[in-house]
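A closer look at the structure
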Amino acid sequence: MEFDFAEEQPKFLMLMYGLIAFVAVVGGLLLLLDVVPAWFARRREAQLVAASASGAPLPRRSKQREGLFALFFMLPTVLLLTIGLVVPAIRTTLLSLMDKDSNEWVGLANYRWMFSDDAIVRVLTNSLIWVILVPLVATGFGLIYAVLVDKARFEAVAKSLIFLPMAISFVGASIIWKFVYAYRGDGDQIGLLNHIVVSLGGEPKQWLLESPLNTLLLIVIMVWIQAGFAMVVLSAAIKAIPADIVEAARLDGVSPWQMFWQITMPTIRPALIVVVVTLSIATLKVFDIVRTSTNGNYDTSVIANEMYNQAFRYGENGQGSALAVFLFILVIPIVIYQIRNLRQQREG
């Protein structure tokens, strides 16, 4: 098959425009964050040197100028947030109040559909199961592992083994686990799980077709990936416990169980909250695992996957946007809680 440059020319032009836009944005940010501040710094230094040489009082910046200077530094961030978050959020909200072709206003009809359609209610239920089980189970495994391998002989190697899945993408991990759950009729089983079942005298199953078991098996993939993250954060928190507190507890004859509940857990509570909140947000947005493993079939779909289906597969822009807005609303309380928690830690 010969390469036709004329046919592919629009793609090359699009690529060129993208590169030009990338260079312009990056160059503009470098100019704003490096060249311009450096110029102001040199100017300020020259003013201070001149005032010192002449014996004149040192020039002071007015609060108004300092405010403008701070606004200048915040401008790139505010601009990017507006373009990448605020504008899309407003547009998606408006689309959620319109019909599938975004031509007529339908009010809250799309949201009523969301809570009245049995299939979508099942999707919301699945998402609830995900957001309850994944943070709790992944954090639990990470905490147990962090405590068990703390100060062990091969601690670095043991931590590396559980952290390795973090280096794999969700798609890659899903493909790996599809082989674990693979089913091949009555012949030799290539799936690890079915092979174990057969070797124990059981019958092989199509694991990803049986609801609600298939949802739990997909959750296992997420836990396998995220347990390493929980372990690293919690292990660092455990090692940050002051040694004098640990020694004092041991001198008082505290048992290992009491040490865990009375010393370790209260001390690492802020790290636990961070891990649970982070995993909760990541779980609410889960898409790749479901999409790769089952494509959302067999009652395994979640909000993000159904949002994609409605908007891009079925052409239901209004319903897809309503799911996106609902997902955004679910994330907001978690973010607010985390902000308040961080503020209390700083004030404490």
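Placed above this text is the structure.
First, a word on scope: everything that follows refers to the structure included in this document. What you see is a predicted model, and the numbers here were worked out from it, not measured in a lab.

Rules used throughout
Numbers given for residues are sequential positions, taken from 1 along each chain in its written order. In view of the model being predicted, local features appear only for residues whose pLDDT reaches at least 70, and side-chain atom pairs are presented and counted only at 80 or more, with totals across whole chains, interfaces and linings using the full set of residues. Water and hydrogen atoms play no part in the side-chain values, which are based on all heavy atoms of the structure. Structural elements are reduced to axes, namely lines fitted to C-alpha atoms, with helices fitted over the stretch in contact, and the angle between N-to-C directions of any two is expressed from 0 to 180 degrees. By the criteria applied, helices consist of DSSP H or I runs no shorter than four residues and strands consist of E runs no shorter than two, each listed in order from the N terminus. Orientation categories follow fixed angle ranges, with anything under 35 degrees roughly parallel, anything over 145 roughly antiparallel, 65 to 115 roughly perpendicular, and all other angles oblique. By the definition used in this description, the sense in which the near helix is turned from the far one sets the handedness, with an anticlockwise turn below a right angle giving left-handed and a clockwise turn giving right-handed. Residues count as neighbours in contact if any of their non-hydrogen atoms are within 4.5 Å of one another. Salt bridge, as used here: a side-chain nitrogen of Lys or Arg that lies within 4 Å of a carboxyl oxygen of Asp or Glu. Any residue under 20% of the maximum accessible area for its type is buried, any over 50% is exposed, and the rest in between are partly exposed; the area is computed with a 1.4 Å probe on protein chains only. Pairing of aromatic rings covers Phe, Tyr and the six-membered ring of Trp, with a centre-to-centre limit of 6.5 Å; geometry is then stacked below 30 degrees between planes, edge-to-face above 60, and tilted otherwise. Patch members must show over 30% relative accessible area and no salt bridge, and they are joined within 9 Å when carrying like charges or within 5 Å when they are nonpolar side chains of Val, Leu, Ile, Met, Phe, Trp or Tyr. Note on areas: these come from Shrake-Rupley sampling with a 1.4 Å probe, and a residue is covered only by the protein chains present in the view. Think of a nonpolar core as a cluster: buried Ala, Val, Leu, Ile, Met, Phe, Trp, Tyr and Cys residues, connected wherever their side-chain atoms sit within 4.5 Å. One fewer than the residue count of a helix, multiplied by 1.5 Å, yields its expected span.

**Some words on the packing of helix 8 (residues 213-239) against helix 11 (residues 269-284)**
Running from N to C, helix 8 and helix 11 cross one another at 160°; their axes reach a closest spacing of 9 Å. With respect to each other, helix 8 and helix 11 are oriented roughly antiparallel. Helix 11 is crossed by helix 8, and the crossing has right-handed handedness. Contacts between helix 8 and helix 11 involve M222, Q226, F229, A230, V233, L234 and A237 from the former and A271, L272, V275, T278, L279, A282 and T283 from the latter.

**A look at the pattern of salt bridges**
Applying the stated criterion across every chain, the model contains four salt bridges. A salt bridge links K239 to D150, with the nearest nitrogen and oxygen atoms 3.0 Å apart. Pair noted here: K239 is in helix 8 and D150 is in the loop between helix 4 (118-149) and helix 5 (155-163), with a separation of 89 residues, a long-range link. Judged by relative accessible area, K239 falls into the partly exposed class, the value being 45%. Linked through salt bridges whose partners overlap, the residues forming this network are D150, E155, K159 and K239.

**Some thoughts on the side chain of E155**
Its location among the elements puts E155 in helix 5. If near-sequence neighbours (up to four positions away) are discounted, E155 is found in contact with V149, D150, S235 and K239.

**Looking at the packing of aromatic side chains**
A full pass over the atoms with the stated rule returns eight aromatic pairs. Ring plane angle 85° and centroid distance 5.2 Å describe the contact between F260 and W261, whose orientation is recorded as edge-to-face. The exposure class of F260 is buried, given its relative accessible area of 16%. Overall, W261 belongs to the partly exposed group, its relative accessible area being 45%. Judged by centre distance (5.4 Å) and plane angle (40°), the rings of Y308 and F312 are tilted. Separated by four residues within a single helix, Y308 and F312 lie in helix 13 (residues 303-313), roughly one turn from each other. Overall, F312 belongs to the exposed group, its relative accessible area being 64%. Three or more aromatic residues link up through ring pairs in this structure, and these residues are W177, Y181 and W224.

**Brief notes about the environment of A21**
Turning to its location among the elements, A21 is positioned in helix 1 (residues 5-54). For the pair A21 and F179, spaced 158 residues apart in sequence, the C-alpha to C-alpha distance is 42 Å.

**Points about the environment of G315**
On the secondary structure map, G315 appears in the loop between helix 13 and helix 14 (317-347). Once you skip the residues sitting within four places of it in the chain, G315 turns out to touch K100 and Q310.

**A few points about a nonpolar patch on the surface**
On the surface, L81, L85, V86, I90, L94, W105, F328, I332 and I336 cluster together into a nonpolar patch covering about 840 Å² of accessible area. The dominant element in the nonpolar patch, judged by the number of residues it contributes, is helix 2 (residues 63-96), at five residues. Within the fold, I332 resides in helix 14. For I332, a relative accessible area of 33% corresponds to the partly exposed category.

**Section: the nonpolar core**
Side chains of a nonpolar character, in soluble globular proteins, are inclined to be buried together. If you look at the biggest cluster of nonpolar residues, it comprises 42 residues, and the most contacted ones within it are W130, L143, Y181, L218, I221, I268 and I289. Mapped by element, the contributors of at least two residues to this core are helix 4, helix 6 (170-180), helix 8, helix 9 (243-251), helix 10 (256-267), helix 11 and helix 12 (288-293). No other element matches the 13 residues that helix 8 contributes to this core. Other than its neighbours up to four places away in sequence, I289 contacts W130, F170, S174, L218, I221, M222 and I225. If you look at the next biggest cluster of nonpolar residues, it comprises 18 residues, including M114, L124, V131 and V277.

**Digging into helix 11**
In a regular helix each residue adds 1.5 Å, so 16 residues correspond to 22 Å; helix 11 covers 23 Å between its end C-alpha atoms and thus fits that length. Residues of helix 11 that are buried: A271, L272, I273, V275, V277, L279, S280, T283 and L284. Where helix 11 is buried, its residues contact helix 4, helix 8, helix 10 and helix 14.

**Section: unusual backbone geometry**
Residue P212 is bonded to the preceding S211 through a cis peptide linkage, with omega at 5°. Within the secondary structure, P212 sits in the loop between helix 7 (192-199) and helix 8. Positive phi is not limited to glycine here, since N295 has a value of about 60°. Looking at the secondary structure, you find N295 in the loop between helix 12 and helix 13. Judged by relative accessible area, which is 27%, N295 ranks as partly exposed. Of note, Y298 is a non-glycine position whose phi angle comes to about 60°, a positive value. In this fold, Y298 is placed in the loop between helix 12 and helix 13. On the basis of relative accessibility, which here comes to 43%, the residue Y298 falls in the partly exposed class.

Any functional reading would require information beyond the geometric quantities listed.
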